[in-house]
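Chain by chain, the residues run as shown.
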Amino acid sequence: MRPKIPADSILRLGDFRQIFLADGISQFGTQILTLALPLVAVVSLDASPLEVGALSAAESLPYLLASVPAGVWADRVRKRPLLLATDAARAVLLLWIPVAWWAGVLTAAQLIAVAFVFGLLTVFFEVGYASYVPSLVPRDRLIDANTRLQVVQSVAQAAGPGLGGVLVQALAAPVAVLVSVGGYLWSAGCVLLVRGREPLPEHADGKPGSWRKDAAEGLRAVLGDVLLRRTSLSTACFNLFWSVGTPMIPVLLARDLDLGGGVIGLLLTFEGVGGLLGGVLAAKVARRLGHGPAIWTATLVAGAGFTLVPLVDTGWRLSLVSLGLFVSSAGMVVYNVIVVTFRQSITPDRLLGRVSAFNRLLVWSTLPLGAVLGGLLGQLLGARTTLWIAGIATTLSFLWIYYSPLRTLRDIPEDYVLGGSLTGTAPRPADGSGESAPVPDTGAAVDRTESS
C-alpha cells in the first residue's frame, strides 16, 4: 500500500523524488545532445549533407523499429533494473565520441552507429520510465507527478539548446558530449537510490506468453478501447499537421519576411515559455474541467494558437508568431500531462509498457510523414498557405475526442476496464454537479479485434 502524502508535496515521496531528479538532469543532457551530435558531424568530422541526414534518421528510426519490443520487454521485467541498465549503457556509449575524437579515429559512420544504438536504448528507457512512475505514486496523484515531470522537460527544451550552444562554443562539440554523459550517470545514480521494492510483473495467465501474443494484447488494449483509441488518433492527427507546419515557420520568417537569425530565435523562444505555463496550469485545468473536457479543450486551444502563426507580418504583427507558439505550446503541455495521466490511470499495471509503446508508435509515426508532406505543400503552395492548412487541421483534431464518451467525462469510474463501455456507468458530469448522468457511448461498439 502506497503511503498517503499531503496534497501539495508530491516531491516528499522519496522514490518519486529520485526519479524526478534523475529526469531533470538527463533531460538537459538530452537537449544538449540534440545540438552537439550534428555539430560533431558538421564541424569536427566535415560530414556531407547526406551523412548529416543519415545521422538524423539514425536517431529517430529506433522509435519506429523498437517501440513495440520495448513495450513487451518492459511488461516482463522489473522497471528499476531496466532504467539503470539503459542509463549506464547510454553513458558508456556516448563516452566513445570524445575518446575516439581525441584519439583521431572518430568517423561519420561511427557517429551514425552510436546515434542508432543510443536511440534504441532511449526507447527502452522511455517506455520503462513511463510504466514505472505509476508504481511510485498513488494513482490519484499521478497528475501532480506528471505535471512536475512535464515542467522539467519544458525547462530543458527552453534552456537546453542555448546551454548546449555555449558548451559547444567553449569546449568543442565532442567534449560537450561529456556533459550528456554526466547527465545519464546522474540519472542512473538517482534511480539506484529508489528504495521501494518492485514486485515482479503480473501476467494475464500467471506467466508470460509468446512475444507475438503479448504484443497483440497491447495492440488490442490501445485500439480496442474507445478512450485510448480516440486520444491516440487525436494526438496522431495533431502531430501530423504540426510537423507539416513547423518546418515552414523559419522559411516564412527568414525568406518571406527577411528576418535575421537573432530575431527569429527571439521570436521562437516564447514557445518554451508557453510550455512552462502549461505545466503549471495542467493539474488545475484537469480538476476544474474534468479529464475529458480538459483534454479536448487543450487540443482546441493548442490548434487555435497555431492558426495565429500564418498571420505574422512586419511591424507589430511579428508578435503573432510568438503569441501563437506560446498559446499552442501551453495547450500541448496541458494536453500531454492530462492524457498521460489518464492513460496511466485506466491501464492495468501489467499492460503499461505495451500500451505506452503502441501509443508512442502510433502518435510519433506521423511526424516524419508530416515533415515530408509539409515540404511538398510548401514547395507547391508557399510557406504561409501551408501554415494555414496546418493550423486549421491541428485545430480540428480535437473532434476525435469531442465526438466520443470523453466529451463530458469528468472522472473515470473506479471499476472501468479497458475495452469496456461507459454507457450506464453514470460518472459525475463535467459541470461538477452532484447529479448522475449516463455518458453517451458515441464511440459506438468497441471492435476488440481492430488492428493497425
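Residues numbered from 1 in each chain as written. Predicted model: local features only at pLDDT ≥ 70, side-chain atom pairs only at ≥ 80, totals over all residues. Heavy atoms only, no water.

The name given to the protein in an unreviewed UniProt entry is MFS transporter, and the organism recorded there is Streptomyces pyxinicus. For the protein, the Subcellular location (unreviewed entry) comment in UniProt is given as "Cell membrane". (UniProt positions renumbered as here; feature names shortened; annotations may be inferred.)

Core analysis: the biggest nonpolar cluster contains 33 residues, and L227, I295 and I338 have the highest contact counts within it. For this core, the secondary structure elements donating two or more residues are α2 (49–74), α7 (211–223), α8 (226–245), α11 (270–289), α12 (291–306), α13 (319–346) and α14 (352–364). Leave out the neighbours within four places in its chain, and I295 touches Y335, I338, V339, F342 and I401. (Core = buried A, V, L, I, M, F, W, Y, C linked by side-chain atoms within 4.5 Å. Buried < 20%, exposed > 50% of the residue type's maximum accessible area, 1.4 Å probe, protein only. Helix = DSSP H or I, 4+ residues; strand = E, 2+ residues; numbered from the N terminus. Contact = heavy atoms within 4.5 Å.)

Before going further, it helps to spend a moment on the pattern of salt bridges. Counted according to the given criterion, the structure contains 4 salt bridges. One salt bridge in this structure joins R90 and D87, with 2.8 Å as the shortest N-O distance. Within this pair, R90 and its partner D87 are both found in helix α3 (residues 79–103), separated by 3 residues, close to a single helical turn. Across the salt bridge formed by R360 and E126, the nearest N and O atoms sit 2.9 Å from each other. With R360 in helix α14 and E126 in helix α4 (residues 108–132), this pair connects stretches of sequence that are 234 residues apart. (Salt bridge = Lys/Arg side-chain N within 4 Å of Asp/Glu carboxyl O.)

Let us now look at the environment of V168. By secondary structure assignment, the location of V168 is in helix α5 (residues 142–171). Taking the C-alpha atoms as reference, V168 lies 8.5 Å from L35; in sequence the two are 133 residues apart. Residue contacts for V168: discarding those within four places in its chain leaves A36, L39, A173 and A176.

Attention now moves to the packing of aromatic side chains. Under the defined criterion, the tally for this structure stands at 11 aromatic pairs. Taken together, a centroid distance of 4.5 Å and an interplanar angle of 35° make the contact between W242 and F306 tilted. Here the residue W242 occupies a position in helix α8, and F306 occupies one in helix α12, the gap between them amounting to 64 residues. The pair W242 / F306 is uniform in exposure class, with both members buried. Between W296 and Y402, the aromatic rings sit 5.0 Å apart at their centres with planes inclined by 85°, giving edge-to-face as the arrangement. Of this pair, W296 sits in helix α12 while Y402 sits in helix α17 (residues 399–402), and the two are 106 residues apart along the sequence. Exposure remark for Y402: the relative accessible area of 26% places this residue in the partly exposed category. Clustering of aromatic rings is evident, with ring pairs tying together W296, F398, Y402 and Y403. For R360, the ring lying beneath its charged end belongs to W364, and the centroid distance is 5.0 Å. Its guanidinium or amino end placed over the ring of Y402, R407 lies 5.1 Å from that ring's centre, counting from NZ or CZ. (Phe/Tyr/Trp six-rings, centres within 6.5 Å; stacked < 30°, edge-to-face > 60°. Lys NZ or Arg CZ within 6 Å of the ring centre and 35° of its normal.)

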